[in-house]
Amino acid sequence: MAHAAEHENPLYGVMAEYDSVQALVDASRHAVAHGYSVLEAYSPIPIEELNDIIHRKRTKLSRIILAGGLAGLATGFAMQYWMSAVDYPMNVGGRPYATWTAFVVPSFELTILFSSLAAAIGMFLLNGLPQPYHPVFNVERFSLASSDKFFLVIESADPRFDKAETTRFLEGQGAKGVYDVAA
């Protein structure tokens, strides 16, 4: 019977509420040391330490931007070569049809254009945007995350996640409250 109830109201994760930056940082450090890897912290101010603790893996964004830049560079050179040497060759003073030095500035500009477009599109896709709704908003106390409270969410997608054990773990980390986050 409980198994059917889980499918009706699936659990996104377990959320712990903290009163201070240091409590959130300490709880995050302990959670990662305890083996949790799919977790997220929410706070009203940026906390630089949390990025190093929670988001240790490297982002794919730099590779996406590099690919966009290389595509822009190749597009710039190919477009200019096609126009100068293939589509409309013009012999001006016996110079060669395709001189790569003349292609540098426009190719550089296309490199920047493609890189910036790849960065913008890549950030949207990697961040899962647009996302008008997130399960953490199902917890009533989460509205305080924009004013003076700090929250740590361990998601049910974590391989180590067990609802009872994760709840006990977060309660043991000095949480002011621990809440289930419905998906």
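Conventions adopted
Residues numbered from 1 in each chain as written. Predicted model: local features only at pLDDT ≥ 70, side-chain atom pairs only at ≥ 80, totals over all residues. Heavy atoms only, no water. Salt bridge = Lys/Arg side-chain N within 4 Å of Asp/Glu carboxyl O. Helix = DSSP H or I, 4+ residues; strand = E, 2+ residues; numbered from the N terminus. Buried < 20%, exposed > 50% of the residue type's maximum accessible area, 1.4 Å probe, protein only. Phe/Tyr/Trp six-rings, centres within 6.5 Å; stacked < 30°, edge-to-face > 60°. Lys NZ or Arg CZ within 6 Å of the ring centre and 35° of its normal. Core = buried A, V, L, I, M, F, W, Y, C linked by side-chain atoms within 4.5 Å. Contact = heavy atoms within 4.5 Å.

**Q** So what's going on with the pattern of salt bridges? Which residues, and what values?
**A** Across all of its chains, the model carries seven salt bridges by this definition. A salt bridge links R29 to D26, with the shortest nitrogen-to-oxygen separation between them at 3.9 Å. Linking R29 with D26, this pair stays in helix α2 (residues 21-33), spanning three residues, or about one helical turn. Of the residues examined, D26 reaches a relative accessible area of 29% and is grouped as partly exposed. Linking E165 and R160 is a salt bridge whose minimum nitrogen-to-oxygen distance equals 3.6 Å. For E165, a relative accessible area of 27% translates into the label partly exposed. What makes R160 partly exposed here is its relative accessible area of 33%.

**Q** Outline the environment of V105, supporting the account with residue identities and numerical values.
**A** Relative to the helices and strands, V105 resides in helix α5 (residues 104-126). For V105 and Y179, which are 74 residues apart along the polypeptide, the C-alpha to C-alpha distance reads 57 Å.

**Q** Run through the packing of aromatic side chains, naming residues and quoting values.
**A** Scanning the entire structure with this criterion turns up five aromatic pairs. Measuring from centroid to centroid gives 6.1 Å for F77 and F103, while their planes differ by 70°, and the two rings are edge-to-face. Remark: F103 occurs in the loop between α4 (61-87) and α5 and F77 occurs in helix α4; sequence separation between them is 26 residues. By relative accessible area, F77 is classed as partly exposed at 26%. Given a relative accessible area of 6%, F103 falls into the buried group. Aromatic pair F142 and F151: ring centres 5.5 Å apart, planes at 55°, arrangement tilted. Summarising the burial analysis for this pair, F142 and F151 share the class buried. Ring pairing ties together the aromatic residues Y42, F137, F142 and F151, which thus form one cluster. Over the aromatic face of Y36 sits the side chain of R160, whose NZ or CZ is 5.8 Å from the ring centroid.

**Q** Would you mind going over the nonpolar core in detail, with residue names and values included?
**A** The biggest cluster of nonpolar side chains holds 22 residues, and the ones touching the most others in it are Y18, L24, L39, L152, I154 and L170. Secondary structure elements with two or more residues in this core: β1 (11-18), α2, β2 (39-42), α3 (48-54), β3 (150-155) and α6 (163-171). With five residues, the top contributor of residues to this core is α2. Setting aside anything within four residues of it in sequence, one finds Y18 in contact with A23, L24, A27, K149, F150, L152, L170, Q173, G174 and A175.

Taken by themselves, the reported measurements are silent on function.
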